[in-house]
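# Geometric and topological summary
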Amino acid sequence: MDWWKDTLIYQIYPRSFQDSNGDGVGDIPGIISRLDHLQELGVGAIWLSPVYKSPNADNGYDISDYREINPEYGTMEDMDRLIGEARARGIRIIMDLVINHTSTDHYWFRQSRDKNSAYADYYYWARGGADGSLPNNWTGFFGEDCWEFDPQRCEYYLHLFAKTQADLNYHNPEVLEEVKDIMRFWLRKGVAGFRCDVINILWKDSLESSPKRLALTGSEHYLSLEGTHEILRELRQVLDEYDAMTVGETVFVTPRQARDLCAPERNELNMVFSFEHMECDQYFLKWFKRKFRPKAFFDCLTKWQRELDWNAVYLENHDQPRSIPRFGSERYWKESGKLLAVLALTLRGTPFIYQGQEIGMLDFDFTRMRQLNDVESKNVEKILRRFHIPQKLRWKIIRRASRDNARTPFQWTDGPNGGFTDGRPWLGVNHNCERINLAQQEADPDSIWSWYKALSALRRETEVLRRGTFEPLEAGKQVFAYRRASGEDACTVVLNFSDQPAEAAHRGAVMMDNYGRETFDGRMQPWEAVILRQGN
Ligand code: TEU
Ligand code: CA
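Below or above, wherever it landed, is the structure these notes cover. (Residues numbered from 1 in each chain as written. Chains lettered and ligands numbered in written order. Predicted model: local features only at pLDDT ≥ 70, side-chain atom pairs only at ≥ 80, totals over all residues. Heavy atoms only, no water.)

### Digging into the overall build of the protein chain
Heads up, the condition is: Counting from the N terminus, the helices are the DSSP runs of H or I reaching at least four residues and the strands are the DSSP runs of E reaching at least two. Remark: exposure states derive from per-residue accessible area (1.4 Å probe, protein chains only) relative to the maximum for the residue type, with buried under 20%, exposed over 50%, and partly exposed in between. Residue exposure ignores everything except the shown protein chains as possible cover, and the areas themselves are Shrake-Rupley values with a 1.4 Å probe. Charge assignment: positive for Lys and Arg, negative for Asp and Glu; neither His nor the chain ends contribute. Charge placement uses NZ in Lys and CZ in Arg. For Asp and Glu, CG and CD serve respectively.
On a plain count of helices and strands, the protein chain comes out with 15 helices and 25 strands. Projected onto the principal axes, the alpha-carbon positions of the protein chain cover approximately 75 × 50 × 50 Å. When each of the 536 residues of the protein chain is scored for burial, the buried share is 63%. Here the protein chain displays about 21,000 Å² of accessible surface, and carbon together with sulfur accounts for 48% of that area. For the protein chain, the separation between the mean place of its 69 positive charges and that of its 80 negative charges on side chains is 5 Å.

Here is the structure:
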């Protein structure tokens, strides 16, 4: 029960983790060959970004068959072997469940193009206006119209993401039954649960136009509605047959909505990925970056820590730029990488580490749009062009916020392509792999990797760091301090988010300090992070 509360979860983006056959694309045999790396880190579960059959318009988030493995990644035998090999190392597998939409290549969608087929109502189909207008005025997540005309059916279908990601219609009860079958299929194979993609937007209450004219027009018709809660409670029954866990990716949730989605007594999700702390460096949309303000970040984290009893804790994933240049400092790469590790592993909740975070990987070093792959970045660049934004500014915007920042291949060695592939990588390897790579950090007891290992071990051995309460102590311009307590036991964490030294009011015996300090008198170096036994 609640095994996921004591576990460190590691996210793998399979395309970029490890290639095993020289085709430049990461694959399942590649993952198997690196399981020892994860075991050393003390990972208890892997969240695998989608490996299902997919035409890859959105790198697997557009699924064309939920019961098949994308041949680029391997076979179902490889997948079964991965589950077994991971289990042998005490590592569970969590699959990505993408059920808001399917690829338009999916059999259901192809059938759905025929109004008389059994699949006719699997998606949201609607007629446009007589004047040639779209069925409604909603806008999509990837910056384009969210309706596409299908010449065969002579109607439009709804797609809140890319054109080839058609939204499933949960008003049709058969869709939910299909999803339950898919879940059983994977649970029977021995997976431990699911990360549920954009799970709080499943239920659309109507397709009416919206009077709001902001970005995401129409979202009041699908964000965290009661219909979604009902679906989640039904899915929970399947999950309970297998004691499985779920973490929901929930866009635009407030703490209150998050609580309704994951309060244990409501039997929906176990935890959610919320986004608010990822928005401290933007105005309204992620494309409009502002300077990172540590204080706003601390306050936001504190709010979420207090309002939810338990939640997923993350600083990186495949949709977000890397955390060091964003919340830390490239100048103090190692120090701030270690500080962010402390933050991620000592807040209350289940920590999710994204591949490469444990060696301090940085954003891509591309110089041209052509080097990018992500559908979202390409769409947005097109829009910026349409608005006559000059090339230099377009590039600046894309470069800072593109999802490809975190999708460059894992840097294993300082060799060709960072040891990721013998062939031509599907997305460029960062040239800094000469400096930032696992092999080098394995040999260095003072590396970010060694620090992650030590922290992970400390967390495993220290109950209060896993299960203790969270009490905020200080959230200033640069210092963030909090206490974790449980019965007689307590730890205090003090973090200096700055290139400048700081003074903190906390004292205590040092458990870990990224400057190797053994006693702590409150004076802090740039990006110093310290965990104190007891303390206040
Ligand atoms: O992401 C949902 C989502 O809304 C954002 O995180 C999105 O990726 C983007 O950053 C908005 O600017 C999930 C997946 O994590 C993402 O990779 C998929 O592309 C998306 O759903 C569609 O399945
Ligand atoms: Ca491969």
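### Considerations on the layout of surface pockets
Threshold: Only protein atoms enter the 1 Å grid used here. Points where a 1.4 Å probe fits but cannot escape make up a cavity, open sets with protein on both sides within 12 Å along at least five of seven lines make up a pocket, and a residue lines them when an atom lies within 4 Å of a point. Grid points are joined across faces, edges and corners, and a volume is the space filled by probe spheres set on the points.
The volume enclosed by the second largest pocket comes to roughly 650 Å³. What lines the second largest pocket is a set of 27 residues, and nearest its centre among them are I324, P325, R326, G328 and R400. When residues of the lining of the second largest pocket are traced back to their parent elements, those giving at least two are α9 (323–327) and α12 (391–401). The element that contributes the greatest number of residues to the lining of the second largest pocket is α9, accounting for four residues.

### Focus: the pattern of salt bridges
Note the threshold: Salt bridges are counted wherever a side-chain nitrogen of Lys or Arg sits within 4 Å of a carboxyl oxygen of Asp or Glu.
On inspection of all chains with the given rule, the structure shows 50 salt bridges. When the shortest N-O distance is used, the salt bridge between E249 and R195 registers 3.5 Å. With E249 in strand β12 (residues 245–249) and R195 in strand β11 (residues 193–196), this pair connects stretches of sequence that are 54 residues apart. Overall, E249 belongs to the buried group, its relative accessible area being 6%. Residue R195 is classed as buried on the basis of its relative accessible area of 1%. Note that R322 and E316 form a salt bridge whose closest N and O atoms lie 2.7 Å from each other. When sorted by exposure, R322 lands in the same class as E316, which is buried. Among the charged side chains, a salt-bridge network with shared partners connects D58, K286, D319, D374, E376, R403 and R407.

### With respect to helix α11 (residues 375–386)
Heads up, the rule is: Between the first and last residue of a helix there are one fewer steps than residues, each counted as 1.5 Å, and that sum is the expected span.
Helix length check: α11 (12 residues) gives 17 Å between terminal C-alpha atoms against 16 Å at 1.5 Å per residue, within 8%. What α11 keeps buried is the set V375, E376, S377, N379, V380, E381, I383 and L384. Following α11 by one or two positions, H388 has its phi on the positive side, about 60°.

### Examining the nonpolar core
Defined as follows: Grouping buried Ala, Val, Leu, Ile, Met, Phe, Trp, Tyr and Cys residues that are joined through side-chain atoms within 4.5 Å yields what is termed a nonpolar core. Note on contacts: a residue pair qualifies if any of its non-hydrogen atoms lie within 4.5 Å across the two residues.
With 169 residues, the main nonpolar core has M79 and W186 as its most contacted residues. When sequence neighbours within four positions are dropped, the list of residues in contact with W186 reads Y52, Y66, I69, M76, M79, M95, V191 and F194. Counting residues in hydrophobic clusters, the runner-up holds nine residues, among them A481, A502, V530 and L532.

### Here we look at the pairing of strand β9 (residues 155–158)
When a strand is regular, its side chains alternate between the sheet's two faces. Note the following rule: Criterion used throughout: strands pair if DSSP finds at least two bridges between them.
Here β9 shows no split at all, with E155 and Y157 on one side and Y156 and L158 on the other all buried. Strand direction decides the pairing type here: strand β7 (residues 125–126) and β9, joined by two bridges, are antiparallel. By the bridge assignment, A126 is partnered in β9 with Y156. Examined bridge by bridge, strand β8 (residues 147–150) and β9 share four bridges and lie antiparallel to one another. Counterpart to E148 in the pairing with β9 is Y157.

### Details of the sheet that holds β8
In any sheet, the strands associate via hydrogen bonds between backbone groups, in a parallel or an antiparallel arrangement. Taken in spatial order, the three strands of this open sheet run β7-β9-β8, and their pairing is antiparallel. The two strands at the open ends of the sheet, each matched to only one other strand, are β7 and β8.

### Concerning the sheet that holds strand β22 (residues 508–513)
Going by this rule: Note on method: axes are straight lines fitted to C-alpha atoms, helices fitted across the in-contact stretch only, with angles between N-to-C directions ranging 0 to 180 degrees.
Taken in spatial order, the six strands line up as β18-β19-β20-β25-β22-β23 in an open sheet, and their pairing is antiparallel. What marks the edges here is a single partner per strand, and that holds for β18 (469–475) and β23 (519–520). Taken strand by strand, helix α8 (residues 294–307) contacts β18 and β19 (479–486), and its axis lies near 160° from that of β18. Along the sheet, helix α14 (residues 448–461) makes contact with β22 and β25 (529–533), crossing β22 at roughly 130°.

### Overview of the packing of helix α7 (residues 255–262) against α8
How two helices sit against one another is set out by the angle between their axes and by the gap between those axes. For clarity, the threshold we go by: A clockwise turn of the near helix away from the far one marks a right-handed crossing, whereas an anticlockwise turn of less than a right angle marks a left-handed crossing.
As a packed pair, α7 and α8 sit with axes 10 Å apart at the nearest point and diverge in direction by 35°. Considering how the two elements wind past one another, α7 and α8 form a crossing that is right-handed. Between α7 and α8, the residues in contact are P255, A258 and R259 and K303, W304 and E307, respectively.

These results come straight from atomic positions and should not be treated as a statement about function.
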